[in-house]
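The chain contents come next:
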Amino acid sequence: MAMGKTSRLHSVYWRGAISIIVFLVLWEVGSLSKTWIKWESFEWLRNVITALGFKPIYLPWIGAVPAPTEVLAVWMTVLTDPGYWQSWYMSFFRVMMGFLAAMIVGIPFGLLLAVSRTAFGIGFPVFEVLRPIPPLAWVPASILFWPTQEMSIAFVTFLGAFFTIVINVVGGARSIDVRYFQAARSMGSSQADIFWRIILPGTLPSIVVGSAVGMGITWEVVVAAEMISGGGSQIGGTSGGGLGFFIWNSYVGGSYEQIVVGMISIGIAGFISSELLRALGRRVTPWLRLR
Amino acid sequence: MTQANTLRTAIKAGELKAVDVSKGYGASHFRKEVVSACSFTIERGKLTVMIGPSGCGKSTLIRLLAGFEKPTTGTITLDGEPVTGPARDRLVLFQESALFPWMTTWDNILYGPRARGELTPETRDLAEFLLGKVGLQDFRHKYPTQLSGGMQRRAELARAMINNPRIMILDEPFRGLDAMTKELMWEYYSALYEENRRTNFFVTTDIDEAIFLADRLLIMSNIPTRVRAVFEVDVPRPRRLVSMIENDRANEIKMQALSLLHEEAMKSFSRGSKAAADFVDAYSKRMSKG
């Protein structure tokens, strides 16, 4: 039993490692195509690329991307740049601010819509009209609404997570089995007791799911908002305005390796925050993982 | 066994009366009567089993008795007091488990006392005693998903009993369990009943289950439902599976009940009920064999 479990775990790690290695090798080979495409034996390939309407100087798309080895070399130098870490901090800070605000406002609001018919009747139509508006469409309005650029970015990030969290909370609370309410009422529960001991725990799994999805959207939004707004307060100099601004700045400065460094950094940052959230989610819903 | 004694002296077996109860859904000519002028008594301290063709309105009747819904006409009284809403003196065990998935067995059992602010050392002792009664001492910290189907039903029995209801209403509680577990649960449940003699109202579609458990057997008509016949199942307790199979009296009642159920199923079959078709089919096969 224990043996089976560890060997399964090993094979998961192995597959993961192999998939990453294969990905890196393909990327390296693809981006080095600017060298090997000139070789005589690849004349057919140059013809194919020309026929497809591209310039036969490298493989389309991937040939324009710097190789992983080059990216790694640049990353090593960037690691010593305090501006890079400042960008990490800025983006994380904004994501957390927007996300926490979305939780603090969104969870009670969603629960209110779920338990009160009146609140639902009044609140939901407006909510449903605002919900389809992409968070990025809020950027200009947000800049007008809020006194500082930092608050504008935080507000847009907040919107990214808010709608997803609310819709999940409402859906989760409404899908609680009616027999739980009947059983609770039969055993003498008050309204408050039903809320704290049936509705809230019954909605928790949906809150966790909604938060995880909302967290993903928050990262998408913060990066785009940083690019549009020019990185906000510029505390850390040219590269300290958040990871989104870091990418934009690298693009403007012509450092393609740094663009990729920024992209992968966001990938890692998003992964870390999702994992943290998932671990927290498992802690608050222990009954879901024990079967 | 002081707890056992306190539990036994504390038992208040109630008597529930339904008089001319009707219930329908929908408006004007789309209206469908589900229960029609239905009268019966669930006698004090007895195990009354209700059986009827599937889709005959038994579940609606249960919702009325529990107080989740109000009858259109007629009255339901428990010990003379009219039923106005759900209350701890009429507890329902639903088909399939309604244990709260986010609570351990222990917290599920203590739900009622905690909700009413009665979490005293005595209720904890009682919970401990009931946990032992249903054989789940080693599973007190487990969540419902970690329990087997039979354990879930036993945990739910304990969760209901701790509230000391005047009547326990069970809506096909052993449906979905495999045949062997089901038969074990019959013995288990009837032993529990024989020990404390609460008023129990048990609804089922399984004739063997009905005969095994019942003191009184109510046979329900086709929809709109009313009581078609009442049998006193005068087979002595304690009952065990082996002895019940060979008991002539039990088999005699079973045959009479089956032929009545067959009549009712034929009626709904002629009206196009698919559920009834299975029963009519099974009945004719059984009769041709016997």
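Not measured: the values here are computed from a predicted model. (Residues numbered from 1 in each chain as written. Chains lettered and ligands numbered in written order. Predicted model: local features only at pLDDT ≥ 70, side-chain atom pairs only at ≥ 80, totals over all residues.)

J.: I keep staring at the overall build of chain B and nothing clicks. Help me out?
T.: Within chain B one finds eleven helices and ten strands. Computed over its C-alpha atoms, the radius of gyration of chain B comes to 19 Å, within 12% of the 19 Å expected for a compact globule of 290 residues. In terms of overall dimensions, chain B has a C-alpha envelope of 60 × 50 × 35 Å along the principal axes. When the 290 residues of chain B are sorted by exposure, 45% land in the buried category. Counting contacts in chain B only where the partners sit at least 6 residues apart, residues at least 24 apart contribute 71% of the total. (Helix = DSSP H or I, 4+ residues; strand = E, 2+ residues; numbered from the N terminus. Rg over C-alpha atoms; globule rule 2.2 N^0.38 Å. Buried ≥ 20, exposed ≤ 12 C-beta atoms within 10 Å, placed from the backbone. Contact = placed C-beta atoms within 7 Å.)

J.: Just to check I follow, could you spell out the overall build of chain A for this structure?
T.: For chain A, the helix and strand inventory stands at 13 helices and zero strands. In chain A, the succession of α and β elements from N to C terminus is α-α-α-α-α-α-α-α-α-α-α-α-α. For chain A, the C-alpha radius of gyration of 25 Å lies well beyond 19 Å, the compact-globule estimate for 291 residues. On the principal axes, the C-alpha backbone points of chain A span a range of 85 × 60 × 40 Å.

J.: I would appreciate a short explanation of the domain arrangement of chain B in the present structure.
T.: When the parts of a complex come together, some accessible area is lost, and that lost area is often used as the size of the interface. Residues and elements named next belong to chain B. Here chain B is partitioned into domain 1 (2-89 + 169-289) and domain 2 (101-164). A C-alpha centroid distance of 26 Å is found between domain 1 and domain 2. Listed by partner, the interface residues are 15 residues for domain 1 and ten residues for domain 2. Mapped onto the side of domain 1 that touches domain 2, the elements with two or more residues apiece are helix H1 (2-10) and helix H7 (179-196). For the side of domain 1 that touches domain 2, the per-class residue count stands at ten nonpolar, three polar and two charged. (Domains from an automatic or database assignment. Nonpolar A, V, L, I, M, F, W, Y, C, P; charged D, E, K, R; others polar.)

J.: Mind showing me how you'd approach the pairing of strand E4 (residues 73-78) of chain B here?
T.: Consecutive side chains along a regular strand alternate between the two faces of the sheet. Residues and elements named next belong to chain B. Here strand E1 (residues 16-25) runs beside E4; their pairing, made up of five bridges, is antiparallel. Looking at E4, one finds that Ala18 is bridged to Ile76. Across two bridges, E4 lies against strand E5 (residues 81-82) in antiparallel orientation. Considered in E5, the bridge of Leu78 is made with Glu81. Where E4 hands over to E5, the hairpin turn is made up of two residues, of which Asp79 adopts a positive phi near 50°. (Pairing = 2+ DSSP bridges.)

J.: Would you explain the sheet that holds strand E8 (residues 199-204) of chain B in this entry?
T.: Hydrogen bonds between backbone groups are what pair the strands of a sheet, and the pairing can be parallel or antiparallel. All names here are of chain B. Spatial ordering of the open sheet is given by E6-E7-E8-E3-E9-E10, a layout of six strands whose pairing is mixed. In the strand order of this sheet, the two ends are held by strand E6 (90-93) and strand E10 (227-232), each with one partner. Going from strand to strand, the sheet's axes swing by 20° on average, the running direction of each strand aside. Bridge analysis of strand E9 (residues 216-220) against E10 gives five bridges, and the strand direction is antiparallel. Paired with Arg216 across the strands is Glu232, a residue of E10. Of the strands in this sheet, strand E3 (47-51), E6, strand E7 (167-171), E8 and E9 are in contact with helix H2 (residues 58-66), which crosses E7 at around 155°. (Axes fitted to C-alpha atoms, helices over the stretch in contact; angles between N-to-C directions.)

J.: I'm lost on the interface of chain A and chain B in this one. Help?
T.: Contacts between chain A and chain B engage 17 residues on the former and 20 residues on the latter. Mapped by element, the contributors of at least two residues to the side of chain A that touches chain B are helix H9 (178-186) and helix H10 (191-229) of chain A. Per-element accounting of the side of chain A that touches chain B gives the leading share, seven residues, to H9(A). A breakdown of the residues in the side of chain A that touches chain B according to their chemical character gives eight nonpolar, five polar and four charged.

J.: Would you take a moment to explain the sheet that holds E4(B) for this structure?
T.: A sheet is described by the order of its strands in space; here four strands give the open sequence E2-E1-E4-E5 (chain B), paired in antiparallel fashion. Two strands in the sheet have a free side with no partner beyond their single neighbour: strand E2 (32-42) and E5 of chain B.

J.: How should I be thinking about the domain arrangement of chain A in this particular structure?
T.: In terms of domains, chain A is made up of domain 1 (1-64) and domain 2 (66-289). Considering only residue class, the side of domain 1 of chain A that touches domain 2 of chain A consists of three nonpolar, one polar and one charged.

J.: For this particular structure, what's the right way to read the confidence of the model for chain B?
T.: Note that predicted coordinates carrying low pLDDT should not be read in detail. Residue and element names in this part refer to chain B. When pLDDT is averaged along chain B, the result is 87; 95% of the residues meet or exceed 70. The spread of mean pLDDT over the elements of chain B runs between H1, the lowest at 56, and helix H3 (residues 105-109), the highest at 95. Prediction confidence for the complex, expressed as pTM and ipTM, is 0.80 and 0.82 respectively. (pLDDT = per-residue confidence, 0-100.)

J.: What is the right way to read the nonpolar core from this model?
T.: When a protein is soluble and globular, its nonpolar side chains tend to lie buried together. Within the largest apolar cluster, 132 residues are counted, with the highest numbers of intra-cluster contacts made by A:Val169, B:Val49, B:Leu130, B:Ala158, B:Ile169 and B:Leu217. The element that contributes the greatest number of residues to this core is helix H8 (residues 149-174) of chain A, accounting for 15 residues. For B:Leu217, the residues in contact, after removing those within four places along its chain, are B:Val49, B:Ile51, B:Ala210, B:Val230, B:Phe231, B:Val233 and B:Ala257. (Core = buried A, V, L, I, M, F, W, Y, C linked by C-beta atoms within 7 Å.)

J.: Mind showing me how you'd approach H7(B) here?
T.: Working note: α-helix, 3.6 residues per turn, so residues spaced by three or four point in the same direction. Residues and elements named next belong to chain B. Across its 18 residues, H7 extends 26 Å between first and last C-alpha, which sits within 8% of the 26 Å expected from 1.5 Å per residue. Taken residue by residue, H7 has Trp186, Tyr189, Ser190 and Tyr193 as its buried positions. Axial view of H7: buried residues confined to an arc of 95°, hence all on one face. Lining the buried residues of H7 we find E3, E8 and helix H8 (207-213). (Expected span 1.5 Å × (residues − 1). Arc of directions from axis to C-beta.)

J.: Explain unusual backbone geometry to me, please; I cannot follow it from the model alone.
T.: Excluding glycine, residues mostly have negative phi values, and the peptide bonds linking residues are mostly trans. All names here are of chain B. For the bond from Arg237 to Pro238, the omega torsion is -5°, close enough to zero to count as cis. Mapped onto the elements, Pro238 comes out in the loop between E10 and helix H9 (241-246). One non-glycine residue, Asp20, lies in the positive phi region at around 50°. You can see Asp20 is positioned in strand E1. Phi is positive for Glu172, close to 40°, though the residue is something other than glycine. Within the secondary structure, Glu172 sits in the loop between E7 and H7. For Glu172, a count of 20 C-beta atoms within 10 Å puts it in the buried group.

J.: What am I meant to see in the packing of H9(A) against H10(A) here?
T.: The geometry of a pair of packed helices is captured by two quantities: the angle between their axes and the separation between those axes. Residue and element names in this part refer to chain A. For the pair H9 and H10, the least separation of the axes is 11 Å and the interaxial angle reads 165°. Put simply, H9 runs roughly antiparallel to H10. Crossing geometry of H9 relative to H10 is assigned as right-handed. On H10, the residues touching Tyr180, Phe181 and Ala184 of H9 are Ile194, Ile198 and Gly202. Residue composition of the contact of H9 with H10, grouped by class: five nonpolar, one polar and no charged. (Parallel < 35°, antiparallel > 145°, perpendicular 65-115°, else oblique. Left-handed = near helix turned anticlockwise from the far one by under 90°.)

J.: Would you take a moment to explain the confidence of the model for chain A for this structure?
T.: Residue and element names in this part refer to chain A. On average, residues of chain A score 87 in pLDDT, and 93% of them are at 70 or above. At the low end of the mean pLDDT range in chain A sits helix H1 (residues 2-31), at 83; at the high end sits helix H6 (residues 117-130), at 93. Confidence drops under a pLDDT of 50 for residues 232-239, and excluding neighbours within four residues, the segment shows 25 contacts in the predicted structure.

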